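Descriptive analysis of the structure
Below are the chains, spelled out letter by letter.
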Amino acid sequence: MKELIIIGNWKSNLTAKESVEWLLEYSNVQKEAVNKKIIVCPPFLFLPILFEHIQKYSLPLLLGAQDISRFNEGAYTGEVNGKQLKEFVKYVLIGHSERRQNFHETDEIVEQKVKLALSLGIIPIVCVSGVNTPIPNNTPIVAYEPIEAIGTGNPQTPEQTEQIASEIKKNNKCLVLYGGSVTSENVHTFTSLPSIDGVLVGGSSLNPIEFSTIGERA
Ligand code: PGA
């Protein structure tokens, strides 16, 4: 049985207080997840406080970052670098379509970030919108997220998802996740596909009960 990867991407949502409430509520409802890696990607600011809680109460949750600086430490005002992230996370999302659209992140920048994450031992999850998005060498996990499915309530069809995921796997030795309007109602239609190894969940991950149900039904 393949191990599934379930990732919650909070994007720029919640306050520090709400993030701890999320964690407490999640840990109340979460059952032990067999053969599933559950990862939460909060805003940078909440990583230390969530890390502390996860350690203290031995919660079955891993942390990821939503981005990584393409530079190492130094004079880069406003950036959060990989060495800083490594203290708290095992995973990092790179090249999310919202970063490509709103922050002019190019394929070259994505490649730089992937190299840097790999050099530090942080596992990069590269987001692509289709087979035409370049995937940097040695990318271990790809999240296929068609733009029209993100935050719209209109997920991709399982048939098309399988087709694209299998094509990605033909050319790259990587795991492939699906992302775009995943809910507890539709998650299994994606995780049951032969070429899909998990899901990247945005909006539905903000509700701890819904996110936990997604993990259970995946
Ligand atoms: P969504 O977002 O689940 O709200 O569609 C997915 C994503 O952007 O990662």
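Residues numbered from 1 in each chain as written. Predicted model: local features only at pLDDT ≥ 70, side-chain atom pairs only at ≥ 80, totals over all residues. Heavy atoms only, no water.

1. Digging into the pairing of strand β3 (residues 62–65)
As paired elements, strand β2 (residues 36–41) and β3 share two bridges and run parallel to each other. Paired with Val40 across the bridge in β3 is Leu63. At this point the chain moves from β2, through helix α2 (residues 47–56), to the parallel β3, and the crossover so formed is right-handed. Relative to strand β4 (residues 91–94), β3 is paired through two bridges, and the arrangement is parallel. Counterpart to Ala65 in the pairing with β4 is Val92. (Pairing = 2+ DSSP bridges. Helix = DSSP H or I, 4+ residues; strand = E, 2+ residues; numbered from the N terminus. Right-handed = clockwise from strand over helix to strand, strands pointing away.)

2. Details of the site of the ligand
Taken together, 13 residues form the shell around the ligand, and within it Lys11, His96, Glu145, Gly151 and Ser181 come nearest. At 2.7 Å, a side-chain N or O of Glu145 approaches an oxygen atom of the ligand. Burial of the ligand by the protein amounts to 95% of the accessible area it has alone, namely 280 Å². Residue classes in the shell around the ligand are distributed as four nonpolar, seven polar and two charged. (Near = heavy atom within 4 Å. Polar contact = N/O pair within 3.5 Å; in protein donor to acceptor, adjacent residues only side chain to side chain. Areas by Shrake-Rupley, 256 points an atom, 1.4 Å probe, with all protein chains shown as cover. Nonpolar A, V, L, I, M, F, W, Y, C, P; charged D, E, K, R; others polar.)

3. Considerations on the pairing of strand β1 (residues 4–9)
Burial analysis of β1 places six of its six residues in the buried class, which makes it a mostly covered element. Because side chains alternate across β1, one face comprises the buried residues Leu4, Ile6 and Gly8, and the other comprises Ile5, Ile7 and Asn9, equally buried. Pairing of β1 with β2 involves six bridges; the strand directions are parallel. By the bridge assignment for β2, Ile7 is matched with Ile39. Note: β1 against strand β8 (residues 198–201), four bridges, orientation parallel. The partner of Gly8 across the bridge, within β8, is Val201. (Buried < 20%, exposed > 50% of the residue type's maximum accessible area, 1.4 Å probe, protein only.)

4. Comments concerning the sheet that holds strand β7 (residues 175–179)
Pairing in this closed barrel of eight strands is parallel, and the strands run β1-β2-β3-β4-β5-β6-β7-β8 around the ring. Recorded for the sheet is a direction-independent mean angle of 25° between the axes of neighbouring strands. As defined by bridge partners, strand β6 (residues 141–144) adjoins β7 across four bridges and the pair is classed as parallel. Bridge pairing in β7 links Val142 to Val176. (Axes fitted to C-alpha atoms, helices over the stretch in contact; angles between N-to-C directions.)

5. Digging into the packing of aromatic side chains
Tallied over the entire structure, the rule returns eight aromatic pairs. For the ring pair Trp22 and Tyr26, a centre distance of 5.0 Å and an interplane angle of 10° mean the geometry is stacked. Of the two residues, Trp22 and Tyr26 are both situated in helix α1 (residues 16–29); the distance of four residues between them amounts to about one turn of the helix. Per residue, the accessibility class of Trp22 equals that of Tyr26, and both read buried. On the numbers, 5.5 Å between centres and 80° between planes, the contact of Phe51 with Phe88 is edge-to-face. Highlighted residues: Phe51 in helix α2 and Phe88 in the loop between α3 (82–86) and β4, separated in sequence by 37 residues. Exposure remark for Phe51: the relative accessible area of 27% places this residue in the partly exposed category. Put simply, the rings of Trp10, Trp22, Tyr26 and Phe211 pair up and form one aromatic cluster. The ring of Phe103 has Arg99 sitting right over it, with the charged end atom 4.3 Å from the ring centre. (Phe/Tyr/Trp six-rings, centres within 6.5 Å; stacked < 30°, edge-to-face > 60°. Lys NZ or Arg CZ within 6 Å of the ring centre and 35° of its normal.)

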